[in-house]
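For reference, the chains in residue letters:
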Amino acid sequence: MAFTKRYSVLVVGAGISGITVAKELSENGVDDVVILEATDRIGGRIRKETFGGVAVELGAGWIAGVGGEMTNPVWKLAKRFGIRTILSDYSNARFNIYDQSGKIYPSRVAAESYRKAVETAMRKLRNEEDDDIDELAVMPKTPIELAIDFLLHDFEMAEVEPISTYTEYGEREFMVTDERGYEHILYKLAETFLLNADGKISDHRLQLNKVVREVQHSKNGVKVTTEDGSSYEADYLILSVSIGVLQSDLISFRPSLPRWKTEAIQKCDVIVYTKIFLKFPYKFWTCEPGKEFFVYAPERRGYYTFWQHMENAYPGSNILVVTLTNGESKRIEDQSDQQTLKEAMEVLRVMFGPDIPDATDILVPQWWNNRFQRGSYTNYPIVNNHIVHDVKAHVGRIFFTGEHTSERFSGFVHGGYLSGIDTAKDLLEELKLEKERTTESKALLLALSESLSISQTGAASNGYKFEIPKQVYLSSNLGAPEAIL
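Calculation criteria
Sequence positions are assigned chain by chain, starting from 1 and proceeding in written order. Given that the model is predicted, a residue must reach a pLDDT of at least 70 before its local features are reported, and side-chain atom pairs must reach 80 or more before they are shown or counted; all residues, however, enter totals for whole chains, interfaces and linings. As a rule here, side-chain values cover all heavy atoms of the structure and leave hydrogens and water aside. Side-chain atoms within 4.5 Å are what join buried Ala, Val, Leu, Ile, Met, Phe, Trp, Tyr and Cys residues into a set we call a nonpolar core. The rule is simple: take the accessible area with a 1.4 Å probe, protein chains only, and divide by the maximum for that residue type; under 20% is buried, over 50% is exposed, in between is partly exposed. In this analysis, two residues are considered to be in contact whenever any of their non-hydrogen atoms come within 4.5 Å of each other. For two strands to be treated as a pair, DSSP must find at least two bridges joining them. In DSSP terms, a helix is any run of H or I states spanning at least four residues, a strand is any run of E spanning at least two, and both are numbered starting from the N terminus. To define axes, lines are fitted to C-alpha atoms, for helices over the stretch in contact only, and angles between the resulting N-to-C directions are given on a 0 to 180 degree scale. Throughout, the protein atoms alone are placed on a 1 Å grid, and a set of points is a cavity if a 1.4 Å probe fits but cannot get out or a pocket if it is open with protein on both sides within 12 Å along at least five of seven lines; lining residues have an atom within 4 Å of a point. Grid points are joined across faces, edges and corners, and a volume is the space filled by probe spheres set on the points. In the scheme used here, Gly and all other residues not listed as nonpolar or charged are polar, with Ala, Val, Leu, Ile, Met, Phe, Trp, Tyr, Cys and Pro taken as nonpolar and Asp, Glu, Lys and Arg as charged. When the strands point away from the viewer and the path from the first strand over the helix to the second turns clockwise, the crossover is right-handed.

K.L.:
Can you help me understand the nonpolar core in this one?
P.N.:
It is characteristic of soluble globular proteins that their nonpolar side chains tend to be buried jointly. Val9, Ile19, Leu25 and Ile185 are the most contacted members of the largest nonpolar core, which totals 39 residues. Discounting residues that sit within four places of it in the chain, Ile185 has contacts with Val74, Leu77, Ala78, Phe81 and Ile83. Counting 36 residues, the second largest nonpolar core, distinct from the first, contains Leu58, Ile97, Tyr273 and Val321.

K.L.:
Help me understand the sheet that holds strand β5 (residues 62–66), please; the structure alone is not making it clear to me.
P.N.:
Two strands in a sheet stick together by hydrogen bonds in their backbones, pointing the same way (parallel) or opposite ways (antiparallel). Taking strand neighbours across the sheet as the criterion, the three strands line up as β5-β8-β6 in an open arrangement whose pairing is antiparallel. Each end of this open sheet is capped by a strand with a single partner; those strands are β5 and β6 (85–88). The average undirected angle you get between the axes of adjacent strands in this sheet is 30°. Strand direction decides the pairing type here: β5 and strand β8 (residues 172–176), joined by four bridges, are antiparallel. Residue pairing for β8: Val66 is matched across the bridge by Arg172. Where helix α2 (residues 73–80) meets the sheet, its contacts fall on β5, β6 and β8, and the angle it forms with β5 comes to roughly 120°.

K.L.:
What's the story with empty space enclosed by the protein in this structure? I'm lost.
P.N.:
Sizing a probe to match a water molecule and rolling it over the atoms shows the empty space that remains. Here the structure, examined in full by the defined rule, presents two cavities of 30 Å³ or more. In this structure, the largest cavity occupies an estimated 70 Å³ of space. Elements represented by at least two residues in the lining of the largest cavity include exactly β4 (54–57), β8 and β17 (273–279). Broken down by class, the residue content of the lining of the largest cavity amounts to seven nonpolar, two polar and two charged.

K.L.:
I tried to follow unusual backbone geometry on my own but got confused; where do I start?
P.N.:
The omega torsion of the bond from Arg254 to Pro255 falls at -5°, within 30 degrees of zero and hence cis. Considering the arrangement of structural elements, one finds Pro255 in the loop between β15 (252–254) and α9 (259–267). For Asn318, which is not glycine, the phi torsion reads 55° and is therefore positive. Positionally, Asn318 belongs in the loop between β19 (306–309) and β20 (319–325).

K.L.:
How should the pairing of strand β1 (residues 6–12) be read in this particular structure?
P.N.:
Sheet faces and side chains relate simply in a regular strand, where the side chains alternate between the two faces. Counting buried positions along β1 yields six of seven residues, so the element is predominantly enclosed. Relative to strand β14 (residues 231–239), β1 is paired through six bridges, and the arrangement is parallel. Within β14, the position partnered with Leu10 by the bridge is Leu237. With four bridges joining them, β1 and strand β2 (residues 33–36) adopt parallel strand pairing. In the sheet register, Val11 faces β2, and the bridge partner there is Ile35. As for the winding sense of the linkage, the β-α-β connection from β1 through helix α1 (residues 16–27) to β2 is right-handed.

K.L.:
Can you help me understand the pairing of β14 in this one?
P.N.:
Direction of pairing for strand β13 (residues 221–226) relative to β14: antiparallel, over a ladder of four bridges. When the sheet's bridge partners are listed, Thr225 is paired in β14 with Ser231. Between β13 and β14, which follow one another and run antiparallel, lie four residues, and Gly229 among them has a positive phi close to 90°. Judged from the three bridges that link them, β14 and strand β23 (residues 398–400) form a sheet pairing that is parallel. Each residue of the ladder has a partner; that of Leu239, found in β23, is Phe400.

K.L.:
I would appreciate a short explanation of the environment of Ile251 in the present structure.
P.N.:
Turning to its location among the elements, Ile251 is positioned in the loop between α8 (243–247) and β15. Since its relative accessible area comes to 10%, Ile251 is described here as buried. The spatial distance from the C-alpha of Ile251 to the C-alpha of Arg213 is 4.4 Å, given a sequence separation of 38 residues. With residues up to four places along the chain from it excluded, the contact list for Ile251 reads Val212, Arg213, Val215, Leu239, Val241 and Val245.

K.L.:
How should the sheet that holds strand β21 (residues 361–363) be read in this particular structure?
P.N.:
The strand order across the open sheet formed by six strands is β7-β18-β19-β20-β17-β21, and the pairing between neighbours is mixed. Two strands close off the open sheet at either side, each with one partner strand: β7 (97–98) and β21. The strands touched by helix α10 (residues 326–333) are β17 and β20; relative to β20, the strand with the most contacts, the crossing angle is about 115°.

See below:
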């Protein structure tokens with residue numbers, strides 16, 4: 001039978017939280033931490049791709065929450081590692097809304113529609129738990145109302161909801177425009193504790209292309225089995241996979257996770273956020289100040305609604321980006337890129353006329369159909385914060401980390417980063433307590449041994465039976481060793 005090495009900690013997933021938790025543990029003396037990553041790279045939902053000659057961010061692309069009294073930790077890392085960024089200002093997008101005839105709505109009409117949408121959203125938020133609220137009365141109906149609703153809730157949530165990211169770190173957002181990618185931050189973090197050569201990680205503690213399919217666990221440890229048949233044993237397991245993966249059947253648990261845990265996981269709302277990139281032979285859009293973001297207002301909410309040109313990020317790139325979410329994201333993932341290109345070009349020709357050139361290339365990320373992601377980020381209902389607590393809580397020797405376990409910053413990169421730090425602290429405290437329990441058990445076993453020795457000596461000379469001391473017998477730390485499985 002093959003020998004299976006036992007580690008102190010296994011981390012599943014090499015995104016921002018997985019790399020961070022492993023780094024924190026390593027820096028605090030837990031050296032035998034192994035990271036199992038399902039893909040051939042680190043980064044998770046932070047991923048760059050070269051498109052049209054420049055680096056584009058398929059997943060997380062902004063550092064949100066900058067300029068406040070407190071410094072966003074990811075912003076601090078970006079400055080430390082020299083990440084190039086540019087300020088993004090969505091506020092003018094509301095004045096660049098195209099109707100279905102290709103005309104821009106007058107500023108006063110857009111401003112009034114936006115004001116009403118904010119008031120409606122805030123009124124709805126205050127009455128979130130009121131069963132008497134008339135949902136139909138507050139639902140957006142006209143094309144401009146639908147477009148502003150999409151813009152407001154998908155891009156300018158700080159205008160409506162009390163999001164900790166903006167209240168604590170500031171309301172400015174910076175787009176990452178670095179040729180090394182947003183993921184460069186993760187590689188620099190990994191370099192602090194993982195061996196690397198020629199700019200590549202070469203440490204056995206990071207194992208790529210390891211798809212975890214089964215987790216067996218008991219009070220004494222965990223055993224993980226991967227898709228290629230490999231097995232790993234450890235004292236503790238940290239799951240740094242997305243909430244979408246936890247909701248799927250990719251990883252099975254033996255025994256099953258408790259009901260309170262699975263119910264909390266299934267209650268989470270997973271947002272799918274898709275940026276589609278289009279390359280053109282030349283620019284046909286305006287690049288004047290305040291025109292970086294523009295909006296299309298169709299009769300269907302979110303249908304190729306929010307657009308951005310990349311000239312501020314990469315001058316001369318001739319790239320447009322359109323963002324789709326949720327149902328529209330899932331729909332385009334199930335169709336061909338050529339069909340998506342056809343639909344996008346039809347919308348662009350409504351806004352800019354029939355004579356614009358065809359796109360020469362298109363890039364459509366797959367976040368929903370990707371079995372290792374199953375979505376982009378978590379969206380918790382504000383009135384149900386208790387769900388986060390249950391999602392975060394560990395089950396025996398299985399710990400959970402990721403942006404979905406962040407009580408204040410779910411859905412953000414800094415939420416994933418801070419959750420990794422928090423989970424490391426929790427596990428280090430558990431390791432400390434376990435060490436104390438082990439020391440206590442050894443002391444009790446020694447006391448038992450000495451007691452038995454004395455009792456046996458007395459019984460041999462006096463003919464009396466010996467007894468196990470009551471405090472030793474009642475101790476829950478004693479008993480026959482139990483196997484992991």
